[in-house]
Amino acid sequence: MLRKILLPSILVILAYGFWVSPDFKEISAGVAIFLFGMLTLEEGFKVFSGGTLEKILQKSTNKLYKSIGFGFVTTAIMQSSSLVSVLTISFIGAGLIGLTQGIGIILGANIGTTTGAWLMAGFGLNVKISAYAMPMLAFGVILIFQKAKSLKGIGYILAGLGFLFLGIHYMKDGFEAFKATVDLASFSVGGLKGLLIYIGIGIIATVVMQSSHATIVLILAALSVGQITYENALALTIGANIGTTITAVIGSLSSNIDGKRLAGAHFIFNIVTAVVAVLFMSQIIYAVETISAFVGIANDNHTLKLAVFDTLFKVMGVLMFIPFVDKLVNFLNKTLNTKSLKGENNFDSVKYLNDSALELPSISMAVITKETKHLYENAFEIITHGLNLQRHNIVSSMPLDEVVNKEYSKVAVDIDDFYNKKIKGIYGEIIDFSTKAQSHMAPEDIEVLYKLKLANRDIVEAVKDTKHLQKNLIKYSKSSNEHIKAQYNTMRRDLAELLRNINIISSTDEEDVMLMLLSKAKLHTKKYDILANGTLDNLIRKGLVTNEMATSLMNDSAYAYGISKNLIEMAKVIFIDNNSELKSIGEDMLISDDEVNTILDQKERT
Amino acid sequence: MSIKKFIQSATESLGLDDLQKAGKKKSIKNLLKKLRDREEEIAKSLKKKSDKKEKKELKEELDIISLQIKNGKKILEKLNS
């Protein structure tokens, strides 16, 4: 509702403003160009964020101080805390980092944003910045049109910086011209009332522009020409810092639980820092004056003093929060848990997929892989119960013959119900997410994604085959005919072995073990195929099973074969292809179908 | 010179292609070492075991490992040529 009213209201206000004041038009255009520059800059950095950034991230966020440093450096380089926040949410969602590291990055990003104020106050307002903007735009646009990804990325970064500089130029010019007609400083309000009013304006401006960086640049532009007073500018800066958390909270509404927790941390951090700043305003101003005098900032240079204030205020907040980060994490984990957000039903939903991960192809690939593993975990449960086996026995070292003897249930489990609650929804979401992710991916990534989609289909097919297999399996594994009973129990044993091996593959780091178990699984699938190895013919010829039993056995062995093949294919994609060491060689190191036949032929001969 | 050619020559002159190849070679060599160690281990326990079923299983593993080592060597040769 609010959104429906907000947008038209803003448009009407802007239109009226443009009509009455050409200078206001220039300032607004400056803000618009600046924001467009930020978007372009973000686009450019995204090109370089695949792979390398993740590696740096994992190495540089294992300690809180490193996370803070990472947040500071990335924000200072990218000049966008919102991009860093989005990336952090997607990194947490993909399981690359934990909430503690995420909070560290956000704290660092807060300090990183202060570099923008320094750049603007120290450089942007003192030189003819548009002179730098023009060549950047020209070179940037030429590079954007190139096919090579890296050149395109550099092009976006250059054009982004060009637009940022151009935006600053228009804002500055607009305010200078505006001063001749209207003196905004005459509307300044002093005291606590003024502080609160201007904090409110800062919040609104940031929510509207969706960028505290843009608000601070606007404040500095207005302050440099004396359109606002120094005291009011300080209040606006605090407001901008609160406003940015509202943007983050709104953004997190569509994200997963990790995104919500991070936005919660961001909100608590900025609100508490703002409250402390308001309470100790006079002391902070005193500290700003002292520091400014110490570093040689002129008494009337309010823009640089504002940069000092911005830095002091944010560094103070970070220092204040560092001892409480763990407590904050515990608090957020307790208050924002999956139970509090999910209704009480048995339907399982996606754990890792969230729209923020769509921003980067490497992250979207990582979350799809994780979600596929999650889907497999559910499928593992269904297949195990469908085979009337107990999960904990399969993952233990219990001899397989014993595993087969220990039943899960006396009655058949409802696989359809399991499928609807634990597979269907997640599978649908993975396919939907993959389709969305594909549009941001390069052809080589799409190929990998295609394999992942096939792995998901394999999992679903394996579950469906289990459903078909279950009916006769329950019936004949307890049959009085020892021969058919033995065949069905062998089928259960072989599938239990496969499930056990996949479980080991999923948890080991030893590449040779992975390759051995998967090659073995391939070999056994062929070896135990009773249609191919002549067992079925033998049973029929000797009249050991009835015709009905033989038909069931033939059909069901095909289902069992299908389950094995599908699970092996899935394991190849999600465990072998995703292993950093085996990525490019795993496929060639596994034994081929021809080699399987060679081994089996050798066995027959001996 | 087209941009594509420029990038290609830049990666060649910087040795980035070789870097990728070297990484692959290193992975194969590491894996081959592990496989050979394992082969030796299995061969040793094969001599010790008397149980027919266990022997059969170990023999099967040995067959698989031999093929994997053969495949690994082939990949390495290809990379070296």
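Above: the structure in question.
Residues numbered from 1 in each chain as written. Chains lettered and ligands numbered in written order. Predicted model: local features only at pLDDT ≥ 70, side-chain atom pairs only at ≥ 80, totals over all residues. Heavy atoms only, no water.

**Student:** Hey, could you run me through the overall build of chain B in this one?
**Tutor:** Helices and strands together make up the secondary structure of chain B, namely 3 helices and 0 strands. In chain B, the succession of α and β elements from N to C terminus is α-α-α. Per-residue burial over chain B gives 28% buried out of 81 residues. Long-range contacts, defined here as pairs at least 24 residues apart, represent 59% of the contacts in chain B between residues at least 6 apart. Entry remark: accessible area of chain B is about 6000 Å², with carbon and sulfur atoms responsible for 53%. (Helix = DSSP H or I, 4+ residues; strand = E, 2+ residues; numbered from the N terminus. Buried < 20%, exposed > 50% of the residue type's maximum accessible area, 1.4 Å probe, protein only. Contact = heavy atoms within 4.5 Å. Areas by Shrake-Rupley, 256 points an atom, 1.4 Å probe, with all protein chains shown as cover.)

**Student:** What's the story with the side chain of aspartate 556 of chain A in this structure? I'm lost.
**Tutor:** Mapped onto the fold, aspartate 556 of chain A is located in helix α26 (residues 547-576). The residues contacting aspartate 556 of chain A, other than those within four sequence positions of it, are His468, Leu469, Asn472, Tyr488 and Met491 of chain A.

**Student:** Where do I start with the interface of chain A and chain B in this structure?
**Tutor:** A common way to state how big an interface is: give the accessible area lost once the parts meet. If you look at the interface, chain A gives 27 residues, while chain B gives 21 residues. For the pairing of chain A and chain B, the buried interface totals around 2200 Å² over both sides, and the portion due to carbon and sulfur atoms is 62%. Looking at the side of chain A facing chain B, the largest losses of area belong to Asp512, Met516 and Met589 of chain A, adding up to 29% of the total buried there. Our enumeration of links across chain A and chain B arrives at 3 salt bridges. For the salt bridge of glutamate 510 of chain A with lysine 34 of chain B, the shortest nitrogen-to-oxygen distance reads 3.4 Å. Tallying contributions element by element places helix α24 (residues 511-527) of chain A first for the side of chain A that touches chain B, with 10 residues. Across the side of chain A that touches chain B, the residue classes break down as 12 nonpolar, 5 polar and 10 charged. (Buried area = accessible area lost by both parts, 1.4 Å probe. Salt bridge = Lys/Arg side-chain N within 4 Å of Asp/Glu carboxyl O. Nonpolar A, V, L, I, M, F, W, Y, C, P; charged D, E, K, R; others polar.)

**Student:** Help me understand the nonpolar core, please; the structure alone is not making it clear to me.
**Tutor:** As a rule of thumb, soluble globular proteins bury nonpolar side chains together. Residues and elements named next belong to chain A. Residues Ile103, Ile238, Leu567 and Met570 are the most contacted members of the largest nonpolar core, which totals 179 residues. Of the residues forming this core, the biggest block, 13 residues, is contributed by α26. Residues from two domains meet in this core; each of domain 1 (2-340) and domain 2 (355-605) gives at least three. In this structure, isoleucine 238 is in contact with Ile199, Ala274, Ala277, Val278, Met281, Phe309 and Phe313, ignoring residues within four places of it in sequence. (Core = buried A, V, L, I, M, F, W, Y, C linked by side-chain atoms within 4.5 Å. Domains from an automatic or database assignment.)

**Student:** Sorry, what's going on with the packing of aromatic side chains here?
**Tutor:** Remark: the centre distance and the inter-plane angle together describe each pair of aromatic rings, the angle taken between the planes. All names here are of chain A. Applying the stated criterion to the full structure yields 7 aromatic pairs over all chains. Here phenylalanine 36 and phenylalanine 163 contribute two aromatic rings whose centre-to-centre distance is 5.0 Å and whose plane-to-plane angle is 80°, an arrangement assigned as edge-to-face. Separated by 127 residues along the polypeptide, phenylalanine 36 in helix α2 (residues 22-47) and phenylalanine 163 in helix α9 (residues 149-181) bring together distant segments of the chain. (Phe/Tyr/Trp six-rings, centres within 6.5 Å; stacked < 30°, edge-to-face > 60°.)

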